[in-house]
Amino acid sequence: MGITIRKIVKADCARLLELVHELAVYEKAPQEVTVTLDHFVESGFGEKPVWWGFAATSTPTSFSKEGEGEIVGFVLYYIRYSTWKGQRMYLEDFLVTEKARGKGIGKLLFNRLIEEAKEKKFNGIVWQVLEWNEPAINFYKKYNAALDGEWVNCSIEF
């Protein structure tokens, strides 16, 4: 297939932020991305990292020689604590670029994420998906994910 799944490294951060913006455009909220590259890097690779993830990189045989090593997808997670369940993985972002979709890259990334959660002995993975994002919902259903329409999202901005 010509795709490698590997841990995200500091040098990936600028490309990851490009993909975060691509995801925000897809989710119809590009104006909501306000994090700076410096803050993003510090949060993932500073003294006390708060997020981790995996990147899917292309090789010359998968797209083009120009795309060698290009990040074409990623998953980013952090640790969430539930007083009911204990430590759980929270999947913050999951994206495969439009040109790379339909090639099994999402499955490779998600399977690696599940493997990581099991290795770290988390009690599960939780995430959100927009109710109109049918391709993503159908993908998650293949994993027998429980979709809970009962809870309402809340946040406070500072």
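See above for the structure.
Within every chain, residues take consecutive numbers counted from 1 along the sequence as written. Owing to the predicted nature of the model, reporting of local features is limited to residues with pLDDT of at least 70; listing and counting of side-chain atom pairs is limited to 80 or more, with chain, interface and lining totals taken over all residues. Side-chain numbers here rest on the full set of heavy atoms in the structure, without hydrogens or water.

Please provide a residue-by-residue account of the pattern of salt bridges, values included.
Salt bridge, as applied in this entry: a Lys or Arg side-chain nitrogen positioned within 4 Å of an Asp or Glu carboxyl oxygen. Taken as a whole and judged by the stated rule, the model has nine salt bridges. For the salt bridge of R112 with E116, the shortest nitrogen-to-oxygen distance reads 3.6 Å. On the criterion of helical spacing, the pair formed by R112 and E116 is a turn pair, its members being four residues apart in helix α3 (residues 105–119). With relative accessibility at 3%, the residue E116 sits in the buried group. Salt bridges linked by common partners bring K7, R112, E115, E116, E119 and K120 together as one network. By the criteria applied, helices consist of DSSP H or I runs no shorter than four residues and strands consist of E runs no shorter than two, each listed in order from the N terminus. Each residue gets one of three labels from its accessible area relative to the maximum for its type: buried under 20%, exposed over 50%, partly exposed in between, using a 1.4 Å probe on protein chains only.

Outline the side chain of R88, supporting the account with residue identities and numerical values.
In this structure, R88 sits in strand β4 (residues 86–96). The convention is simple: Lys and Arg are positive, Asp and Glu are negative, and His and the chain ends are not counted. Buried charge without a salt bridge: R88, with D148 as the nearest opposite-charge side chain at an N-O distance of 9.6 Å.

How would you sum up the sheet that holds β4? Please name residues and give values.
A pair of strands counts as paired when DSSP detects no fewer than two bridges linking them. With mixed pairing, the five strands of this open sheet are ordered in space as β1-β2-β3-β4-β5. The open sheet terminates on both sides in strands that have one partner only, identified here as β1 (3–7) and β5 (125–126).

Pulling in residues and values, what's your account of the packing of aromatic side chains?
A pair of Phe, Tyr and Trp rings is counted when the ring centres sit within 6.5 Å of each other, with Trp represented by its six-membered ring. The angle between the planes then sorts it: under 30 degrees is stacked, over 60 is edge-to-face, the rest tilted. If you walk through the whole model with that rule in mind, you get 15 aromatic pairs. Here the aromatic rings of F110 and W127 are separated by 5.6 Å at their centres, their planes lie at 85 degrees, and the arrangement is edge-to-face. Highlighted residues: F110 in helix α3 and W127 in the loop between β5 and α4 (134–141), separated in sequence by 17 residues. The class for W127 is partly exposed, based on a relative accessible area of 22%.

Go over the side chain of S43, please, and point to the residues and values.
Its place among the elements puts S43 in helix α2 (residues 37–45). S43 sits in the buried class, given a relative accessible area of 15%. Residue contacts are counted whenever heavy atoms from the two residues lie within 4.5 Å of one another. If sequence neighbours within four positions are ignored, S43 has contacts with K48, P49, V50 and W51.

Help me get a handle on a nonpolar patch on the surface, residues and values and all.
Taken together, the side chains of Y26, L130 and W132 define a hydrophobic patch exposed on the protein surface, amounting to about 250 Å² of accessible area. With respect to the helices and strands, Y26 occurs in helix α1 (residues 13–26). Relative accessible area serves as the criterion here: at 32%, Y26 is assigned to the partly exposed category. The patches described consist of residues with a relative accessible area above 30% and no salt bridge, like charges being joined within 9 Å and nonpolar side chains (Val, Leu, Ile, Met, Phe, Trp, Tyr) within 5 Å. Surface exposure here means Shrake-Rupley accessible area, sampled with a 1.4 Å probe, where a residue is shielded only by the protein chains that are shown.

Describe the nonpolar core, listing the residues and the values that go with them.
Counting 21 residues, the largest nonpolar core has L91, F94, I105, L109 and L113 as the members making the most contacts within it. When contributions to this core are tallied by element, the ones reaching two or more residues are β2 (52–58), β3 (71–82), β4, α3 and α4. With five residues, α3 is the single largest residue contributor to this core. Dropping the residues within four chain positions of it, F94 is found in contact with L23, F74, V75, G106, L109, F110, F139 and Y140. Core analysis: the next-biggest nonpolar cluster, separate from the first, contains 17 residues, I8, V20, V33 and L95 among them. Among the buried residues, those of types Ala, Val, Leu, Ile, Met, Phe, Trp, Tyr and Cys that are joined through side-chain atoms within 4.5 Å form a nonpolar core.

So what's going on with α2? Residues and values would help.
The α-helix winds at 3.6 residues per turn, so residues separated by three or four positions along the chain end up facing the same way. When α2 is considered as a whole, its buried residues turn out to be F40, V41, S43 and G44. Viewed end-on, α2 has its buried residues packed into an arc of 165 degrees, placing them on one side of the element. Here, the arc refers to the directions that run from the helix axis to the C-beta atoms.

Describe in detail the environment of L23, supporting the description with residues and values.
Along the polypeptide, L23 turns up in helix α1. Its relative accessible area of 8% is what places L23 among the buried residues. C-alpha of L23 to C-alpha of V96: the two residues are 73 residues apart in sequence and 9.0 Å apart in space.

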